Structures are given as structure tokens and as C-alpha cells.
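A closer look at the structure
Listed below are the residues making up each chain.
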Amino acid sequence: MGNIADTTVLNNGVQMPWLGFGTYKAEGNEVYEAVKTAVEVGYRHIDTAAIYGNEELVGQAIRDSGADREKLFITTKLWNEDQGFDSTLRAFEENRKRLGLDIIDLYLIHWPGKDKYKETWKAFERLYEEGSVRAIGVSNFQVHHLENLLKDSNIVPAINQVELHPRLTQQELHQYCREHQIQLESWSPLMKGKLTEQADIVEIAAKYGKTSSQVILRWHLDRGIVTIPKSVTAHRIRENADLFDFELTEEDINRINALHLDERVGTHPDKLLF
């Protein structure tokens, strides 16, 4: 891929930009300006969620950016307490109202939880079939969650968005998703900045004349993983988008893969039970 607008084709034929813009923990005027800046820079994929508390401002920024809605890809997520068939349908209407959008491009179950996600998925299938969403997917699902979901579902999730970065490469999950045509997507791709001084990454970055963050983000893209870096700083938003004039060698990709320690900055999905 050589352009910020380049897309992957999901298992239902919908095109989704490889590079997105995350809005986790961004609020108020900060998130409004950040989203507007991101759209101006060229991002066409914006990711939010009910629990972020910023859907209204994200929607307002999208409208005020002047960008063609048809060229944007907007993701939001169902929060945990809203799981269940009827409650999911009600919660979706609130998502849609807050964003000010008739159709959501991608709707995700935010966390699997304990035992409601199959019921929730039935509601997701309903939303997809009625055309309220262009694609449906999951977030933070492990292989065993996906296996369990696929036993009773009519639609295979288009996306699985999980914590993924060089300290948590998710190789087994990535392979499973590839085998089942589920596009893997990374949240916290930069591990909250914890890897920018890592010696191997610094050395690789110097070789390409790039920053550590740019190398890490390109590592995601070169592995076929959609990624959604988050920043509220204009220069960092631009830096995180400057990924399309280089590619990592297989040797450098493998060198970064070797940094895996099964280390997380977020909660393990098997421990977040509700």
C-alpha cells in the first residue's frame, strides 16, 4: 500500500482504509480539533466508541470538516452493559443519534464478556441485514471467543480489533483470522509510546530516515493489519500518516516480531467478565 486512502476489502466486499484515526480518551474541543485535523491530513477512517463519550463531537467534526461522507469510514462500538439482543438494538440507535449518521460503516462488540455476545451478535446481524451498518465485527475477541461465536452465527465478523503492538504480536490470533477471512485491526499500536526508545526499533527507524512510531505503524501495515493510532497533537497526527513512502524488509519485520513478550497495556479479554 502506498497511499493513506488505500483500503483492505472486508469479507463482505466493503472497503476499509488500512490506516485509521483513534479517539480513545479524547474529549471536548481536543477531540473535535483532532478529528478535523485528521480528515484534513487525509485520514478517511475514524474510530470511536460509546464508552469514549465523544461520539457527538466526532460526528460534529466530521460534518464540519466538509469531507464527503461517502468517502469516510466511521467505526463505533457497543459498550459492555448494553449487550443482549434488545438492549443492543436500543444502544445502536443512541450511537447513531450521537454521531448524527444514518448509517455506521462498522459496528463492533467492544468486549466479549462472559456469556451475552452470541445474543448480541444476533442483533448485530439484524442491523446488518436491515442496512443500518455496512459491516459488523468484534473487538478484543480471542480465538476461543471467535470459535464459539462462529458455531451459531450466520455472518462471520468482518473485523476483530484487538490490542496489538511489537510486545504483543498476536501471531496465533492473526493466523486464525486470516484462515476465517476476518480482518485483524490493532488498537494501541504504539503501546502508549512505550516502544519509541527500544533499541532495535530506533536502529531500524534510522535506516529508513523515519521515526520509531512510523516504523511501528508501518510494521502493522506490512503485516496486513489495519491500525488506528491516536493523537490529539497536530504534528503527531501528520507524522502518524507519513507511512506510505517506505516498506520494511522481511528481515526488519521479523526483527520487530521478535520483540514479542505477550505484554499488554490493556486488560486481558479473559479477565474482563461482565
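Here, every reference points to the structure presented above.
Predicted model, so just to flag it, every value in this text is computed and none were measured.

What follows is about the packing of aromatic side chains. Under the definition given, this model contains seven aromatic pairs. The interplanar angle of 65° and the centroid separation of 5.3 Å between the aromatic rings of Y24 and Y52 together place this pair among those described as edge-to-face. Taken as a pair, Y24 in the loop between β3 (21–22) and α1 (28–41) and Y52 in the loop between β4 (45–47) and α2 (55–65) lie far apart in primary sequence, 28 residues in all. Judged by relative accessible area, Y24 falls into the partly exposed class, the value being 40%. The class of Y52 is buried, set by a relative accessible area of 11%. Here Y208 and F246 contribute two aromatic rings whose centre-to-centre distance is 5.5 Å and whose plane-to-plane angle is 50°, an arrangement assigned as tilted.

Counting buried positions along strand β6 (residues 104–109) gives six out of six residues, so the element sits mostly inside the fold. Note that the unit made of strand β5 (residues 73–78), helix α3 (residues 85–99) and β6 has a crossover that is right-handed. When β6 meets strand β7 (residues 133–139), the two strands line up parallel, connected through five bridges. In the strand pairing of β7, L108 is matched with G137. Traced from β6 through helix α4 (residues 117–129) to β7, the parallel crossover comes out right-handed.

What counts, and at which threshold
Residues numbered from 1 in each chain as written. Predicted model: local features only at pLDDT ≥ 70, side-chain atom pairs only at ≥ 80, totals over all residues. Heavy atoms only, no water. Phe/Tyr/Trp six-rings, centres within 6.5 Å; stacked < 30°, edge-to-face > 60°. Helix = DSSP H or I, 4+ residues; strand = E, 2+ residues; numbered from the N terminus. Buried < 20%, exposed > 50% of the residue type's maximum accessible area, 1.4 Å probe, protein only. Right-handed = clockwise from strand over helix to strand, strands pointing away. Pairing = 2+ DSSP bridges.

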